[in-house]
Structures are given as structure tokens and as C-alpha cells.
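Close look at the chain arrangement
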Amino acid sequence: MLVLTRSVGEAIVIDGEVWVTVLSVQGQRIRLGITAPESVRIDRREIHAQRATDAAALHETEHVS
């Protein structure tokens, strides 16, 4: 894991296409802005996990029928 320190208004760039900018810091909460091509899906971790669970269940259902 790469760990970086950024201040409000500063950004990191991933693979030249995805920009993650620190928008604000309020106590324990950090607001991030993410700019990426439409082809890149961006989810919070819990949403990503739910999508994976749903996809696995759909795949299993398709093979049971």
C-alpha cells in the first residue's frame, strides 16, 4: 500500500487518467473528488463488495437452472 500525505486542494494521479483530489477535511472525515473516464467504475468499498456478492449470486443462479 502506498501512503501519501496531501493537503486540501492537492491531488494524486493514477495511471495518468484518474485524479483524486482532497476537497476538504473536517475532523475524522475527508471529502475526496475523483475524476476518471466513464469506463472506470468507482465505488465505495461496501458498494464494491455488494456488487461482487450480487454478481456471484447471479452467476450461481444461472448455473443452477
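Read on for a plain summary of the structure. (Residues numbered from 1 in each chain as written. Predicted model: local features only at pLDDT ≥ 70, side-chain atom pairs only at ≥ 80, totals over all residues. Heavy atoms only, no water.)

1. Re the overall build of the protein chain
Quick reminder of the rule: Numbering of helices and strands starts at the N terminus; helices are DSSP runs of H or I of at least 4 residues and strands are runs of E of at least 2. Restricting the calculation to C-alpha atoms gives the radius of gyration, and the globule rule supplies 2.2 Å times the number of residues raised to the power 0.38. For every residue, the accessible area (1.4 Å probe, protein chains only) is compared with the maximum for its type, and the residue is labelled buried under 20%, exposed over 50%, or partly exposed between those bounds. Here a residue-residue contact requires only that any non-hydrogen atoms of the pair lie within 4.5 Å. All accessibility values rest on the Shrake-Rupley procedure with a 1.4 Å probe; residue burial counts only the protein chains present in the view. Here the positive residues are Lys and Arg and the negative ones are Asp and Glu; neither His nor the chain ends is included. For the purpose of locating charges, the reference atoms are NZ of Lys, CZ of Arg, CG of Asp and CD of Glu.
When you go through the protein chain residue by residue, the secondary structure sums to one helix and three strands. Counting from the amino terminus, the protein chain carries its helices and strands in the arrangement β-β-β-α. Computed over C-alpha atoms, the radius of gyration of the protein chain comes to 17 Å, more than 25% over the 11 Å expected from 2.2 N^0.38 for 65 residues, which places it beyond the range of a compact globule. Its C-alpha atoms put the protein chain at 55 × 30 × 20 Å along the principal axes. Counting over 65 residues, the protein chain shows a buried share of 8%. A sequence separation of at least 24 residues applies to 0% of the contacts in the protein chain between residues at least 6 apart. Here the protein chain has roughly 6,100 Å² of accessible surface; of this, 54% comes from carbon and sulfur atoms. Across the protein chain, the 7 positively charged side chains and the 9 negatively charged ones have centroids separated by 11 Å.

2. Things to note about the pattern of salt bridges
Test applied: What counts as a salt bridge is simple: a side-chain nitrogen of Lys or Arg found within 4 Å of a carboxyl oxygen of Asp or Glu.
Under the defined criterion, the tally for this structure stands at three salt bridges. Here glutamate 10 ties to arginine 6 by a salt bridge, and the two come within 3.8 Å at their closest N and O atoms. Residue classification places arginine 6 among the partly exposed residues on the basis of a relative accessible area of 40%. Note that aspartate 43 and arginine 51 form a salt bridge whose closest N and O atoms lie 2.9 Å from each other. On the basis of relative accessible area, aspartate 43 is assigned to the partly exposed category, the value being 26%. You can call arginine 51 partly exposed: its relative accessible area is 37%.

3. As for the environment of isoleucine 34
For isoleucine 34, the position within the fold is in strand β3 (residues 29-35). As a C-alpha pair, isoleucine 34 and alanine 11 span 23 residues in sequence and 9.3 Å in three-dimensional space. Once residues lying within four places of it in the same chain are set aside, the contact partners of isoleucine 34 are Val18, Trp19, Val20 and Ile42.

4. Quick notes on the environment of glutamine 26
Mapped onto the fold, glutamine 26 is located in strand β2 (residues 18-26). Taking the C-alpha atoms as reference, glutamine 26 lies 28 Å from glutamine 50; in sequence the two are 24 residues apart.

5. Concerning the sheet that holds β2
The strands making up a sheet associate through hydrogen bonds between their backbones, and the pairing can be parallel or antiparallel. Quick reminder of the rule: Should DSSP find at least two bridges between two strands, the strands are regarded as paired. Axis angles are defined between N-to-C directions and span 0 to 180 degrees, where every axis is a line fitted to C-alpha atoms and, for a helix, only to the segment in contact.
Spatially, the three strands line up as an open sheet ordered β1-β2-β3, and their pairing is antiparallel. Lying at the two open borders of the sheet, with one neighbouring strand each, are β1 (11-14) and β3. Going from strand to strand, the sheet's axes swing by 25° on average, the running direction of each strand aside. Note: β1 against β2, four bridges, orientation antiparallel. Among the inter-strand pairings, isoleucine 14 is bridged to a residue of β2, identified as valine 18.

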